[in-house]
Amino acid sequence: QVQLVESGGGLVQAGGSLRLSCAASGSIFRINVMGWFRQAPGKQRELVATITSGGTTNYADFVKGRFTISRDNAWTMVYLQMNSLKPEDTAVYYCSADTTRSLRYWGQGTQVTVSS
């Protein structure tokens, strides 16, 4: 089992920045990919960014050049630096962890609200 706890959400004006953090615990040695997803009201959950054990990153087109995912080497923390935020970035942001047993774990989510 992997436990994930997000933090760092909040209210920010358009053009501002936020840094989300995700603390992982439990069987972190099984993690091979971690990511951030988001879900806006009335919409499906969508991928924002992922990072692999080798450090390879992947971003959704709508955040490229604005968001940066990073992690520590021990897989205990994953971050999402969000710059140039837009009102359409408003959503609940979820941390995810994929393991070598093909299981995906989720955090409880953190609200990000961007005002215009």
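Residues numbered from 1 in each chain as written. Predicted model: local features only at pLDDT ≥ 70, side-chain atom pairs only at ≥ 80, totals over all residues. Heavy atoms only, no water.

Focus on the state of the cysteines
This structure, assessed with the given rule, holds one disulfide. Covalent S-S linkage joins C22 and C95, the inter-sulfur distance amounting to 2.1 Å. When the S-S torsion is -80°, as for the bridge of C22 with C95, the disulfide is left-handed. Taken as a pair, C22 in strand β3 (residues 18–26) and C95 in strand β9 (residues 91–99) lie far apart in primary sequence, 73 residues in all. Of the residues examined, C22 reaches a relative accessible area of 0% and is grouped as buried. (Disulfide = S-S within 2.5 Å. Helix = DSSP H or I, 4+ residues; strand = E, 2+ residues; numbered from the N terminus. Buried < 20%, exposed > 50% of the residue type's maximum accessible area, 1.4 Å probe, protein only.)

A few points about the packing of aromatic side chains
Counted by the stated rule, this structure contains two aromatic pairs. Both rings, one in Y94 and one in W106, keep their centres 6.5 Å apart while their planes meet at 85°; by these two values the pair is edge-to-face. Linking Y94 in strand β9 with W106 in strand β10 (residues 104–106), this pair joins segments that are 12 residues apart in sequence. The exposure class assigned to W106 is partly exposed, which follows from its relative accessible area of 35%. Grouping aromatic residues by their ring pairs yields a cluster made of F37, Y94 and W106. Over the ring of Y79 we find R19, and its NZ or CZ is 3.9 Å from the ring centre. When the ring centre of W106 is taken as origin, the NZ or CZ atom of R45, which lies over that ring, is 4.5 Å away. (Phe/Tyr/Trp six-rings, centres within 6.5 Å; stacked < 30°, edge-to-face > 60°. Lys NZ or Arg CZ within 6 Å of the ring centre and 35° of its normal.)

Some points on the nonpolar core
A general trend in soluble globular proteins is that nonpolar side chains are found buried together. If you look at the biggest cluster of nonpolar residues, it comprises 32 residues, and the most contacted ones within it are L4, M34, W36, L80, M82 and Y93. For this core, the elements supplying multiple residues, two or more each, are β1 (2–7), β3, β4 (31–39), β5 (46–52), β7 (67–71), β8 (77–82), β9 and β11 (110–115). Excluding anything up to four places from it in sequence, Y93 contacts E6, L20, W36, F37, R38, V48, F67, L80, M82, G109, T110 and V112. (Core = buried A, V, L, I, M, F, W, Y, C linked by side-chain atoms within 4.5 Å. Contact = heavy atoms within 4.5 Å.)

With respect to the pattern of salt bridges
Tallied over the entire structure, the rule returns five salt bridges. Linking D98 and R104 is a salt bridge whose minimum nitrogen-to-oxygen distance equals 2.7 Å. Salt bridges here are not isolated pairs; linked through shared partners, they connect R38, E46, R66 and D89. (Salt bridge = Lys/Arg side-chain N within 4 Å of Asp/Glu carboxyl O.)

Quick look at the environment of M34
Mapped onto the elements, M34 comes out in strand β4. Along the sequence, M34 and A24 sit 10 residues apart, while their C-alpha atoms lie 9.8 Å from each other. Every residue in contact with M34, bar those within four places of it in the chain, is listed here: L4, C22, A24, A49, T50, I51, I69, W75, V78, C95, S96 and A97.

What to know about the sheet that holds β8
An order of β1-β3-β8-β7 is seen for the four strands of this open sheet, with the pairing classed as antiparallel. Only two strands of the sheet have a single neighbouring strand rather than two, namely β1 and β7. Recorded for the sheet is a direction-independent mean angle of 15° between the axes of neighbouring strands. (Pairing = 2+ DSSP bridges. Axes fitted to C-alpha atoms, helices over the stretch in contact; angles between N-to-C directions.)

Focus: unusual backbone geometry
Only a minority of non-glycine residues have a phi that is not negative, and only a minority of peptide bonds are not trans. If you check the backbone angles, W75 has positive phi at about 65° while not being a glycine. Take W75: it is sitting in the loop between β7 and β8. Taking the relative accessible area as the measure of exposure, W75 reaches 7% and is therefore buried.

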